[in-house]
Amino acid sequence: QVLLVESGGALVQAGGSLRLSCAASASIFSFKAVGWYRQAPGKQRELVAGITAGGRSNYVDSVKGRFTISRDIAKNTVYLQMNSLKPEDTAVYYCNANRYSDYGMGLYWGQGTQVTVSS
């Protein structure tokens, strides 16, 4: 069983920064891709950022230039550095891992961590 545990969510003022962590029970290289998704109340869950085993990353347009996805292989951990936060970034953020594809949602999810950005 693969376990993913997110941490780092908090209440922060607009313009502030947070770093989210996704700790996995297996090597990051066990997955073709690891991604961060978010879901706000009444909205569909969306991909925010993803990184492949080869180190290729992608971002949703609304966070480009503000968020950075990275990894620490030795710690089995993927990070999401979130800068210049906006109220519209408020959501529950989830870590997801895909063993079989560089694209789309995998079968493994973390429990989520709440990010709230105040004006």
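First, a word on scope: everything that follows refers to the structure included in this document. (Residues numbered from 1 in each chain as written. Predicted model: local features only at pLDDT ≥ 70, side-chain atom pairs only at ≥ 80, totals over all residues. Heavy atoms only, no water.)

Section: the environment of Asp-61
- Within the element layout of this structure, Asp-61 appears in the loop between strand 6 (57-59) and strand 7 (67-72).
- Taking the relative accessible area as the measure of exposure, Asp-61 reaches 61% and is therefore exposed.
- The sequence separation of Asp-61 and Ser-21 amounts to 40 residues, and the corresponding C-alpha distance is 21 Å.
- A polar contact is formed between the side chain of Asp-61 and the side chain of Lys-64, at a distance of 3.1 Å. (Helix = DSSP H or I, 4+ residues; strand = E, 2+ residues; numbered from the N terminus. Buried < 20%, exposed > 50% of the residue type's maximum accessible area, 1.4 Å probe, protein only. Polar contact = N/O pair within 3.5 Å; in protein donor to acceptor, adjacent residues only side chain to side chain.)

Regarding the state of the cysteines
- Counted according to the given criterion, the structure contains one disulfide.
- Each disulfide pairs two cysteine sulfurs, and for Cys-22 the partner residue is Cys-95, the sulfurs being separated by 2.0 Å. The disulfide joining Cys-22 to Cys-95 has a torsion of about -75° about its S-S bond and is therefore left-handed. With a gap of 73 residues between them, Cys-22 in strand 3 (residues 18-24) and Cys-95 in strand 9 (residues 91-98) connect regions that are remote in the sequence. The same class applies to Cys-22 as to Cys-95, namely buried. (Disulfide = S-S within 2.5 Å.)

With respect to the pairing of strand 1 (residues 4-7)
- Where burial is concerned, the two faces of strand 1 differ: the one with Leu-4 and Glu-6 is buried and the one with Val-5 and Ser-7 is not.
- Bridging between strand 1 and strand 3 involves four bridges; their strand directions are antiparallel. The residue of strand 3 that forms the bridge with Val-5 is Ala-23. (Pairing = 2+ DSSP bridges.)

Points about the environment of Cys-22
- Classification of Cys-22 as buried rests on a relative accessible area of 2%.
- The spatial distance from the C-alpha of Cys-22 to the C-alpha of Tyr-108 is 12 Å, given a sequence separation of 86 residues.
- In this view, Cys-22 contacts Leu-4, Val-5, Glu-6, Trp-36, Asn-76, Thr-77, Val-78 and Cys-95; residues no more than four positions away in its chain are not counted. (Contact = heavy atoms within 4.5 Å.)

What to know about the pairing of strand 9
- In terms of burial, strand 9 is a largely internal element, seven of the eight residues being buried.
- When strand 4 (residues 33-39) meets strand 9, the two strands line up antiparallel, connected through seven bridges. Considered in strand 9, the bridge of Trp-36 is made with Cys-95.
- Sheet analysis places strand 9 next to strand 11 (residues 113-118), joined by three bridges and oriented antiparallel. Across the sheet, Tyr-93 pairs through a bridge with Thr-113, a residue of strand 11.
- As defined by bridge partners, strand 9 adjoins strand 10 (residues 108-109) across two bridges and the pair is classed as antiparallel. The residue of strand 10 that forms the bridge with Asn-96 is Trp-109.

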